[in-house]
Amino acid sequence: MTHQQHPIGSGFTAASTADEVLAGIDLAGQNVIVTAGHAGIGREVTRALVTAGASVTVGSRNPDRARTALAGIEGVEVSRLDLLDPASVDAFAERWLESGRPLHILVNNAALPAPEKLERDARGYEAQFATNHLGHFQLTLGLLPALRAAHGARVVNVTSGAQRFSDIRWDDPHFAGGYHPTMAYAQSKTANVLFAVELDRRWAEEGIRGYAVHPGVVVGTSLNSAAGQEALRAEGLIDESGQPIIDPERGKKTPRQGAGTIVFAATSPLLAEIGGVYLKDNDISPLDDEPRPVTAEDIPSEVASHSIDPRSAQRLWELSEQLLTA
């Protein structure tokens, strides 16, 4: 399998923040959408992009709550978006297209914390796969005319090092045969990477590039807080007093450090001729298929071969289209 999963020597480190990555980059006139761009890492992405001059629209299931969370950040629009509801996704995309605005950057950031028990959407699809992947897939396809109109656009899927731990469950993606929350999360994060790979293959000639980003582990987000303090302490993510342990070289980051690789993928000129790759620590990740357990000292997050396999990427795209029309 040929691939571009080789670090390029970006000059940034695991500790670099979104503001440091964006230093000297002018995003005036650029239109951006960030799903769940009002909370956790997403809010830092929104703040940093606005500071660099972009006009940002945040998609949120609860627009009032989002507006409250974004108070003090000027130049942000909020629009209702429920990724579990196909009608809401279509309505969001239609509102954007009706506005006539090109879309330069789409950050598919929203993610559902792993439910302890199996949850399904109205179609019967497992909720993490439906939210983290399928909702974003539908949204991106719906916004394709606006991405084309930008004459140079980037789609950034926020994934996780958890992609290492599960391929797509082709025979049972919705866990009819028994649910495991961690595996469901891992499958959805692998889907985020494969989606970026196939998007780039299909749309790069139109100037639309795809990226998947592991932001690091950021304690305090709803996603990681869902694990509970006992689990976070056992994983070396918080200390005895409950405070986050910040160690970016080991993948444990602040929200501003976590946002760094997302805005790197969204804006860096170093990626102008590169797409369909998985990034971490403000650079392209190397490929690593060695089995590495997660410990309190080490959180493996390099990309695995199954997450960038071009045949799987094409297969997932076709499956996703089928699921949207079923």
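Up top you'll find the structure we're talking about.
A.B. asks: Summarise the overall build of the chain; cite the residues concerned and give the values.
C.D. replies: Within the chain one finds 12 helices and 8 strands. Along the first, second and third principal axes, the C-alpha set of the chain runs to 50 × 45 × 45 Å. Evaluated residue by residue, the chain yields a buried proportion of 55% over its 326 residues. Excluding contacts between residues fewer than 6 apart, the proportion of contacts in the chain whose partners are at least 24 apart in sequence is 71%. Accessible area for the chain stands at about 13,500 Å²; split by element, carbon and sulfur atoms hold 50% of it. Mean positive and mean negative side-chain charge positions of the chain (28 and 41 charges, respectively) differ by 2 Å.

A.B. asks: I'd like a rundown of the side chain of His38, residues and numbers included.
C.D. replies: Inspection of the secondary structure puts His38 in the loop between β1 (31-35) and α2 (40-51). On the basis of relative accessibility, which here comes to 12%, the residue His38 falls in the buried class. Sequence-distant contacts of His38, that is, excluding residues within four places in its chain, are made with Arg43, Val58, Ser60, Ala66, Ala69 and Leu70.

A.B. asks: Describe the side chain of Arg47, and please don't skip the residues or the numbers.
C.D. replies: Assignment of secondary structure puts Arg47 in helix α2. A polar side-chain atom of Arg47 sits 3.0 Å from a polar atom in the side chain of Glu44. In contact with Arg47, not counting residues within four places along its chain, are Asp19, Ile73 and Arg256.

A.B. asks: How would you summarise the packing of aromatic side chains if you had to cite specific residues and measurements?
C.D. replies: On inspection of all chains with the given rule, the structure shows 6 aromatic pairs. Plain terms: the ring middles of Phe175 and Tyr179 are 5.7 Å apart, the flat faces sit at 80° to each other, and that makes the pair edge-to-face. A centroid spacing of 5.6 Å and a plane angle of 90° characterise the contact between Trp203 and Trp317, whose relative ring orientation is edge-to-face. Here the residue Trp203 occupies a position in helix α7 (residues 181-203), and Trp317 occupies one in helix α12 (residues 310-325), the gap between them amounting to 114 residues.

A.B. asks: Which residues make up the nonpolar core, and what are the values?
C.D. replies: Residues Val45, Leu49, Val56, Ile262 and Leu279 are the most contacted members of the largest nonpolar core, which totals 37 residues. Of all the elements, helix α10 (residues 255-267) adds the most residues to this core, at 6 residues. If sequence neighbours within four positions are ignored, Leu279 has contacts with Tyr211, Ala212, Val213, His214, Thr261, Phe264, Ala265, Leu271, Ile284 and Ser285. The next biggest cluster of nonpolar side chains, apart from the first, holds 25 residues, and it includes Val89, Phe92, Ala93 and Leu139.

A.B. asks: Provide a residue-level description of helix α4 (residues 86-99), including the pertinent values.
C.D. replies: The end-to-end C-alpha separation of α4 is 20 Å, in line with the 20 Å expected for 14 residues at 1.5 Å each. Three or more residues of α4 are buried, namely Ser88, Val89, Phe92, Ala93 and Trp96. Summarising the axial view, the buried residues of α4 lie within an arc of 130°, below the 170-degree limit, and thus occupy one face. Taken together, the buried residues of α4 touch β1, β2 (55-60), β3 (76-80), α5 (127-142) and α6 (144-149). Of the residues that open α4, the one with a side-chain oxygen 3.0 Å from the backbone nitrogen of Ala87 is Asp85.

A.B. asks: Quick one: what's the story with the sheet that holds β3, residue by residue and with numbers?
C.D. replies: Pairing within the open sheet is mixed, and its 8 strands lie in the order β3-β2-β1-β4-β5-β6-β7-β8. The open sheet is flanked by β3 and β8 (283-284), the only strands paired with a single partner. Relative to β3, β2 runs parallel, the two being bridged by 5 bridges. In the sheet register, Gly59 faces β3, and the bridge partner there is Ser79. The strands that α4 touches are β1, β2 and β3; relative to β3, the one it contacts most, it runs at about 140°. Lying over the sheet, α5 contacts β1, β4 (105-108) and β5 (153-158), oriented at roughly 165° with respect to β4.

A.B. asks: Give me the pattern of salt bridges: which residues, what numbers.
C.D. replies: One pass over the full model with this rule turns up 19 salt bridges. In this structure, Arg67 engages Asp64 in a salt bridge whose closest nitrogen and oxygen atoms are separated by 3.3 Å. Residue Arg67 and its partner Asp64 are located together in helix α3 (residues 63-69), separated by 3 residues, close to a single helical turn. Linking Glu77 and Arg101 is a salt bridge whose minimum nitrogen-to-oxygen distance equals 3.2 Å. Note that Glu77 is positioned in strand β3 and Arg101 in the loop between α4 and β4, a separation of 24 residues in sequence. In this structure Glu77 comes out as partly exposed when scored by relative accessible area, which is 36%.

A.B. asks: Break down the environment of Glu126 for me, with residues and values.
C.D. replies: Tracing the chain through its elements places Glu126 in the loop between β4 and α5. For the pair Glu126 and Ser188, spaced 62 residues apart in sequence, the C-alpha separation works out to 9.8 Å. Separated by 2.9 Å, the side chain of Glu126 and the backbone nitrogen of Gln128 make a polar contact. A distance of 2.8 Å separates the side chain of Glu126 from the backbone nitrogen of Phe129, its partner in a polar contact.

Conventions we followed
- Residues numbered from 1 in each chain as written.
- Predicted model: local features only at pLDDT ≥ 70, side-chain atom pairs only at ≥ 80, totals over all residues.
- Heavy atoms only, no water.
- Helix = DSSP H or I, 4+ residues; strand = E, 2+ residues; numbered from the N terminus.
- Buried < 20%, exposed > 50% of the residue type's maximum accessible area, 1.4 Å probe, protein only.
- Contact = heavy atoms within 4.5 Å.
- Areas by Shrake-Rupley, 256 points an atom, 1.4 Å probe, with all protein chains shown as cover.
- Lys, Arg positive; Asp, Glu negative; His and termini not counted.
- Charge placed at Lys NZ, Arg CZ, Asp CG, Glu CD.
- Polar contact = N/O pair within 3.5 Å; in protein donor to acceptor, adjacent residues only side chain to side chain.
- Phe/Tyr/Trp six-rings, centres within 6.5 Å; stacked < 30°, edge-to-face > 60°.
- Core = buried A, V, L, I, M, F, W, Y, C linked by side-chain atoms within 4.5 Å.
- Expected span 1.5 Å × (residues − 1).
- Arc of directions from axis to C-beta.
- Pairing = 2+ DSSP bridges.
- Axes fitted to C-alpha atoms, helices over the stretch in contact; angles between N-to-C directions.
- Salt bridge = Lys/Arg side-chain N within 4 Å of Asp/Glu carboxyl O.

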